[in-house]
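# Descriptive analysis of the structure
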Amino acid sequence: MMSEAVAQFPIEKIRKDFPILNQEVYGRSLIYFDNAASTQKPQVVIDAISEYYSDFNSNVHRGVHYLSQKATDAFEASRETIRKHLNAEHVHEVLFTKGTTDSINLVANSLGQGLIKAGDQIIVSHLEHHSNIVPWQMLCQRTGAKLKVIPMNERGELIQEEYQKLLSSKTKLVAVNHISNALGSINPIKEMIAQAHAHGAWFLVDGAQSIPHQKVDVQDLDADFYCFSGHKVFGPTGIGVLYGKEQILEEMPPYQGGGEMIAEVRFDQTTYAGLPHKFEAGTPHIEGGIVLGKAIDYVNQIGLDEIAAYEQELLHYGTSLLKDRFPSFRLIGDAQEKTSVISFLMGDIHPYDMGVILDKLGIAVRTGHHCTQPIMQHFGIPGTMRASFAFYNTKAEIDQMADALERAQNMLS
Ligand code: PMP
């Protein structure tokens, strides 16, 4: 039975907010199920981009003139919106970056300048996106630290007993995603953070997939670092956030040098600006920063609890439908706690072949390894087809995907 919150979800109104959804591809209504890769933008976000360039485009933080002050105020107001959204204690704990990948590289590069050393250990998990693996591998190569990996079970859940065995006094940092992009598994990060802290280790959460789907409170989680990308939360590309606890950010040396991040530059000695500017060298992505705040306001107007309930309904509906209708359906990843991602295979048909046919039928799914090759290696598969839902998707669209899968299967079998 559908809950009242789901029955009252204003789906018709919401769909009208996203102009891109109202189009045909190859003569069919577009069905966009690639939300884990990137989300579509509501009209308020599109308008805010145009408004910035038509009304107050100017560089921030360094001008006394009207436009510069207006741009600076809007940029800093957005930082405050994000602070509130994450429930960070201080606004200077919110750093603007290019996205999740950039945030993780910032932490890895900064910690690599003396805070992580040979003999230290860094723990990641088998469920990570490449961007939460490779920067740590590179850091280990530079410093002589060792990388350890939390294994997962056949459902795509991290094995918590194995995590506990990996933790020791040598562990300096644990870096794990809140939600897996490839399988949708939701990791119990609050407990994992407490366990890391009991061993004196920092914890970085890759929140790229959680911020669009659920409420996050960095103080309640007690996360040391939490990062996400604007484009996955209905905002622009090229902008993202790194939250870090004040005390750690103060301890960390800057990652890049340049304008904005300095207090005073002399040839004999340069001193650095305070937070957050110490980590924001150069002209930032001003429009992106401003508009990310608008995207977050938009999501909050709908309500993250309402979004989560609606998307859970889509997940359960879609999973049952595909399981019941297709004996060949193989679900990859059925963690007990899951977000709205269905990663799957159909018999021994290559996911790429299936994805190409679905595309011609107007349905955008992602096929491949989803930048998580170790997960695919674990299951011994080349990749999956992934349908990832956002709050503007509908059950009717899932029905159409099932019909398209049947057609594609008949063509390819
Ligand atoms: N981590 C996760 C879990 C992701 O889903 C993604 C994007 N697919 C990233 C990191 C990297 O994000 P970006 O490319 O926006 O930096």
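Residues numbered from 1 in each chain as written. Predicted model: local features only at pLDDT ≥ 70, side-chain atom pairs only at ≥ 80, totals over all residues. Heavy atoms only, no water.

### Things to note about the site of the ligand
Let me state the cut-off plainly: By convention in these notes, a residue is near a molecule or strand provided one of its non-hydrogen atoms lies within 4 Å of it. We call two N or O atoms a polar contact when they sit within 3.5 Å, provided that within protein one can donate a hydrogen and the other can accept it, with sequence-adjacent residues counted only if both atoms are side-chain atoms. Accessible areas in this description were obtained via Shrake-Rupley with a 1.4 Å probe; residue shielding takes into account the shown protein chains only. Here the term charged refers only to Asp, Glu, Lys and Arg, the term nonpolar to Ala, Val, Leu, Ile, Met, Phe, Trp, Tyr, Cys and Pro, and the term polar to all other amino acids, Gly among them.
Taken together, T100, T101, H129, S131, N181, D206, A208, Q209, S229, H231 and K232 make up the full set of residues adjacent to the ligand. For the ligand, a nitrogen atom lies 2.7 Å from a polar atom in the side chain of K232. Out of a free accessible area of 400 Å², the ligand has 85% covered by protein chains. Considering only residue class, the shell around the ligand consists of one nonpolar, eight polar and two charged.

### What about the sheet that holds strand β14 (residues 341-346)?
Operational definition: Strands pair, by our definition, only if DSSP identifies at least two bridges between them. A run of H or I in DSSP counts as a helix once it spans at least four residues, and a run of E counts as a strand once it spans at least two, with each numbered from the N terminus. To get an axis, a line is fitted to the C-alpha atoms, and for a helix only the part in contact is used. The angle between two axes follows their N-to-C directions and goes from 0 to 180 degrees.
Spatial strand order, β13-β14-β17-β16: four strands in an open sheet with antiparallel pairing. Only two strands of the sheet have a single partner each, and these edge strands are β13 (329-331) and β16 (366-368). Sheet twist, expressed as the average angle between the axes of neighbouring strands with direction ignored, equals 35°. The sheet contact formed by β16 and strand β17 (residues 384-388) spans three bridges and is antiparallel. Residue pairing across strands places T367 opposite M385, the latter belonging to β17.

### Some thoughts on the pairing of strand β7 (residues 171-177)
Stated formally: Partly exposed describes any residue whose relative accessible area lies between the buried limit of under 20% and the exposed limit of over 50%, with all areas from a 1.4 Å probe on protein chains only and scaled to the type maximum.
Burial analysis of β7 places six of its seven residues in the buried class, the great majority of the element. Strand direction decides the pairing type here: strand β5 (residues 121-125) and β7, joined by three bridges, are parallel. Within the sheet, the bridge partner assigned to I122 lies in β7 and is L173. Strand direction decides the pairing type here: β7 and strand β8 (residues 202-206), joined by five bridges, are parallel. Across the sheet, N177 pairs through a bridge with D206, a residue of β8.

### Re the pairing of β8
Selection criterion: Look down the strands so they point away from you; if going from the first strand over the helix to the second traces a clockwise path, that crossover is right-handed.
The buried count for β8 comes to five of five residues, which makes it a mostly enclosed element. In β8, alternate side chains face the same way, and those of W202, L204 and D206 on one face and F203 and V205 on the other are all buried. Where the polypeptide runs from β7 across helix α8 (residues 189-198) and back to β8, its parallel neighbour, the crossover connection is right-handed. Of the pairings in the sheet, the one linking β8 to strand β9 (residues 225-229) comprises three bridges and is parallel in character. Across the sheet, residue D206 finds its bridge partner in β9, namely C227.

### Observations concerning the domain arrangement of the protein
By a widespread convention, an interface's size corresponds to the accessible area lost as its parts come together. Note the threshold: For the domains described, the bounds stem from an automatic or database domain assignment. Whether two residues are in contact is decided by their heavy atoms: any pair within 4.5 Å suffices. Two parts placed together each lose some accessible area under a 1.4 Å probe, and the buried area is that loss summed for both. Definition used for salt bridges: Asp or Glu carboxyl oxygen within 4 Å of a side-chain nitrogen of Lys or Arg.
Domain annotation of the protein identifies domain 1 (4-43 + 303-412) and domain 2 (46-301). Taking only C-alpha atoms, the centre of domain 1 and the centre of domain 2 are 28 Å apart. Contacts between the two partners involve 44 residues from domain 1, matched on the other side by 38 residues from domain 2. Note on domain 1 versus domain 2: buried area summed over both sides is about 3400 Å², and carbon and sulfur give 55% of it. Among the residues of domain 1 in contact with domain 2, L304, I375 and H378 are the three that bury the most area, contributing 18% of the side total. Counting the contacts that link domain 1 with domain 2 gives two salt bridges. Put simply, domain 1 and domain 2 have 29 residue pairs in polar contact (both at pLDDT 80 or more) between them.

### Overview of unusual backbone geometry
Cis rather than trans, the peptide bond between L275 and P276 has omega equal to 0°. The residue P276 is located in the loop between β12 (270-272) and α11 (286-302) in this model. Non-glycine residue D222 carries a positive phi angle of around 65°. Of note, D222 is situated in the loop between α9 (218-221) and β9.

### Some points on the environment of F203
Tracing the chain through its elements places F203 in strand β8. Contact partners of F203, with chain neighbours within four places excluded, come to Y163, V174, V176, I189, M192, I193, A196, A223, D224 and F225.

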